[in-house]
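In case you want the letters, here they are:
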Amino acid sequence: MSPLFAEIRHNPMLWLLAFVPVVFVAAKLEPQAHTLLFVLSVLAIVPLAALLSHATESVAAKTGDAAGGLLNATLGNLTELVIALTALRAGQYMLVKASIAGAIVTNTLFMLGASFLLGGLKYHVQEYNRVSARVQAGLLFLASVALLVPSAVTIADSAAATAFSQQLSAGLAVLLIVAYALGMLFSLKTHRELFASAEHGEEGEAPWPLALALATLAGVTVLVALVSEIFVESVQMAAEDFGMTPAFVGFIIVALVGGAAEMASAFSGARKNRLDLSVGIALGSASQIALFVAPVLVLLSYLIGPTPMDLQLWPGAVVMVLIATLTASLVTNSGRSAWFVGVLVLMVYLVFAMTLYLLPPRGT
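Quick look at the structure, then.

Reading the values: rules and limits
- Residues numbered from 1 in each chain as written.
- Predicted model: local features only at pLDDT ≥ 70, side-chain atom pairs only at ≥ 80, totals over all residues.
- Heavy atoms only, no water.
- Helix = DSSP H or I, 4+ residues; strand = E, 2+ residues; numbered from the N terminus.
- Polar contact = N/O pair within 3.5 Å; in protein donor to acceptor, adjacent residues only side chain to side chain.
- Buried < 20%, exposed > 50% of the residue type's maximum accessible area, 1.4 Å probe, protein only.
- Contact = heavy atoms within 4.5 Å.
- Patch = residues over 30% accessible without salt bridge, like charges linked within 9 Å, V, L, I, M, F, W, Y side chains within 5 Å.
- Areas by Shrake-Rupley, 256 points an atom, 1.4 Å probe, with all protein chains shown as cover.
- Salt bridge = Lys/Arg side-chain N within 4 Å of Asp/Glu carboxyl O.
- 1 Å grid on protein atoms, 1.4 Å probe; cavity = no way out; pocket = protein on both sides within 12 Å on 5 of 7 lines; lining within 4 Å.
- Points joined across faces, edges and corners; volume = space filled by probe spheres on them.
- Nonpolar A, V, L, I, M, F, W, Y, C, P; charged D, E, K, R; others polar.
- Expected span 1.5 Å × (residues − 1).
- Core = buried A, V, L, I, M, F, W, Y, C linked by side-chain atoms within 4.5 Å.

**Thoughts on the side chain of Asn273**
Right, on to step 1. Along the chain, the position of Asn273 falls in the loop between α10 (260-271) and α11 (275-304).
Right, on to step 2. Separated by 3.0 Å, the side chains of Asn273 and Gln126 make a polar contact.

Okay, here's the thing in structure tokens:
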């Protein structure tokens with residue numbers, strides 16, 4: 001445990017861990033203080049994300065960046081899954097769909113663009129394995145098609161349209177999960193030699209022992225999930241106090257907070273010239289949400305939701321997901337990056353954020 005305590009002593013950001021018990025106490029004593037709980041939950045997630053980042057890097061140092069990126073994406077997406085499950089049980093399907101689409105766009109554009117920018121400010125040119133990036137982008141494009149079809153096919157009879165959309169979404173959910181499983185088999189088993197990391201220019205500090213890193217990953221993931229429940233219960237009311245629209249909250253705020261752990265790891269990897277890890281986290285997380293989290297939520301809605309949920313999104317969300325996927329495909333095709341590439345990707349994300357803030361999409 002000494003490396004963990006040493007990291008907490010020397011990293012001022014980790015001093016914010018004091019807010020973790022504070023947010024639990026506040027939620028118990030003042031459950032209606034939504035704005036306060038929103039701020040406290042964000043302050044608690046930030047240091048937990050930093051710890052998750054350090055522990056994941058330690059595991060990635062022993063497993064390789066491809067597996068490390070997959071591990072970080074999986075653990076980081078537990079936050080999005082908890083947020084979506086909480087909203088799913090409450091029947092807030094619009095928030096669920098907005099958080100899914102927002103997480104895909106945020107990971108694909110904001111996380112990837114910021115990683116390119118932060119790494120490019122320190123290194124003139126960075127290289128990464130473009131085969132891995134192209135496979136993840138291909139999986140994302142498949143998911144975009146699956147999200148586009150239920151929204152594009154309409155039926156005049158509303159009752160028939162509802163039944164058709166639910167049946168189609170359930171079938172698509174199964175197909176997407178199968179595609180995700182086959183993608184993991186391809187990248188981690190049958191063709192793993194194609195996903196070797198590019199050479200790194202900086203090794204970074206000594207990693208934690210594997211047992212400590214795995215224990216920290218498990219404990220921090222549980223805490224992030226618990227804090228996320230408080231966050232999702234308070235975010236809607238707090239958003240009204242801050243003058244934010246529901247669409248902006250679901251698409252931008254929930255996605256940014258839910259992906260804080262992954263972003264910390266991706267940004268840290270980019271600054272250490274480990275862009276394979278950053279790209280793997282960003283695109284791997286987005287494809288995992290689209291191909292695994294979203295389909296699982298559709299299937300779970302039959303068990304825990306008031307009614308079955310479909311994959312039908314409002315047209316604006318489908319367009320944003322499709323554009324984000326195409327943008328990722330274009331910028332990762334060369335396997336090289338510089339800071340200006342990151343700026344371009346971030347500009348696309350800011351266009352979406354500004355649009356949602358000023359003119360939120362209509363509900364489906």
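**Details of the environment of Pro207**
Right, on to step 1. Turning to its location among the elements, Pro207 is positioned in the loop between α7 (158-190) and α8 (210-242).
Right, on to step 2. With a relative accessible area of 41%, Pro207 lands in the partly exposed category.
Right, on to step 3. Through-space distance from the C-alpha of Pro207 to that of Ser58 is 4.5 Å; in sequence the pair is 149 residues apart.
Right, on to step 4. Setting aside anything within four residues of it in sequence, one finds Pro207 in contact with Ser58 and Ala61.

**A few points about a nonpolar patch on the surface**
Right, on to step 1. Residues Phe141, Val145, Val149, Val153, Phe164 and Leu326 make up a contiguous nonpolar surface patch of about 440 Å² in total accessible area.
Right, on to step 2. Counting residues per element, the nonpolar patch draws most heavily on helix α6 (residues 130-152), at 3 residues.
Right, on to step 3. Topologically, Val153 is positioned in the loop between α6 and α7.

**Digging into empty space enclosed by the protein**
Right, on to step 1. Applying the stated rule across the entire model yields 3 cavities of 30 Å³ or more.
Right, on to step 2. Of the pockets and cavities examined, the second largest cavity occupies roughly 60 Å³.
Right, on to step 3. As for the second largest cavity, its lining consists of Glu80, Ile83, Ala84, Ser99, Ile100, Ala103, Val254, Ala255, Ile289 and Val293.
Right, on to step 4. Elements with a minimum of two residues in the lining of the second largest cavity: α4 (65-89), α5 (93-122), α9 (246-258) and α11.
Right, on to step 5. When grouped by side-chain class, the residues that make up the lining of the second largest cavity number 8 nonpolar, 1 polar and 1 charged.

**Quick look at unusual backbone geometry**
Right, on to step 1. The phi torsion at Asn273 lies on the positive side, around 65°, for a residue other than glycine.
Right, on to step 2. When its relative accessible area of 13% is taken as the criterion, Asn273 is described as buried.

**As for helix α12 (residues 315-331)**
Right, on to step 1. Taking 1.5 Å of rise per residue, 17 residues should cover 24 Å, and α12 covers 24 Å from first to last C-alpha, within 8% of that figure.
Right, on to step 2. Along α12, the positions that sit buried rather than exposed are Ala317, Val318, Met320, Val321, Ala324, Thr325, Thr327, Ala328 and Val331.
Right, on to step 3. Where α12 is buried, its residues contact α5, α6, α9, α11, β2 (336-337) and α13 (339-358).

**A short note on the nonpolar core**
Right, on to step 1. Counting residues in hydrophobic clusters, the biggest one holds 107 residues, and the most contacted among them are Val105, Phe251 and Leu297.
Right, on to step 2. In this structure, Leu297 is in contact with Leu81, Ala84, Leu85, Leu88, Val96, Ile100 and Met309, ignoring residues within four places of it in sequence.

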